[in-house]
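# Understanding the architecture of this molecule
Now for the letters of each chain:
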Amino acid sequence: MKSLPNEAIIREVKKRTFSVSSAEKLLFINKYGEVIDIKYVSL
């Protein structure tokens, strides 16, 4: 994972995230400490 670019990691996480319906919110913290909102479902 160290040599992969952030875009590739985010793309793979997004692919797998939407199959998990029980998660309401998912935050991804990249290598640089930036917080990226992957999934947010308002109920």
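Scroll up to find the structure.
Here is what the cut-offs are and how they apply
- Residues numbered from 1 in each chain as written.
- Predicted model: local features only at pLDDT ≥ 70, side-chain atom pairs only at ≥ 80, totals over all residues.
- Heavy atoms only, no water.
- Helix = DSSP H or I, 4+ residues; strand = E, 2+ residues; numbered from the N terminus.
- Contact = heavy atoms within 4.5 Å.
- Areas by Shrake-Rupley, 256 points an atom, 1.4 Å probe, with all protein chains shown as cover.
- Buried < 20%, exposed > 50% of the residue type's maximum accessible area, 1.4 Å probe, protein only.
- Polar contact = N/O pair within 3.5 Å; in protein donor to acceptor, adjacent residues only side chain to side chain.

### Some points on the overall build of the protein
Tallying secondary structure elements over the protein gives 1 helix and 2 strands in all. The helix and strand sequence of the protein, counted from the amino end, reads α-β-β. Contacts in the protein between residues at least 24 apart in sequence constitute 25% of all its contacts with a sequence separation of at least 6. Counting only carbon and sulfur atoms, one obtains 57% of the accessible surface of the protein, whose full area is about 3,700 Å².

### Examining the side chain of Asn 30
In this fold, Asn 30 is placed in the loop between strand 1 (25-29) and strand 2 (35-40). Overall, Asn 30 belongs to the buried group, its relative accessible area being 7%. A distance of 3.0 Å separates a polar side-chain atom of Asn 30 from the backbone nitrogen of Tyr 32. Not counting residues up to four positions away in its chain, the partners in contact with Asn 30 are Asn 6 and Ile 36.

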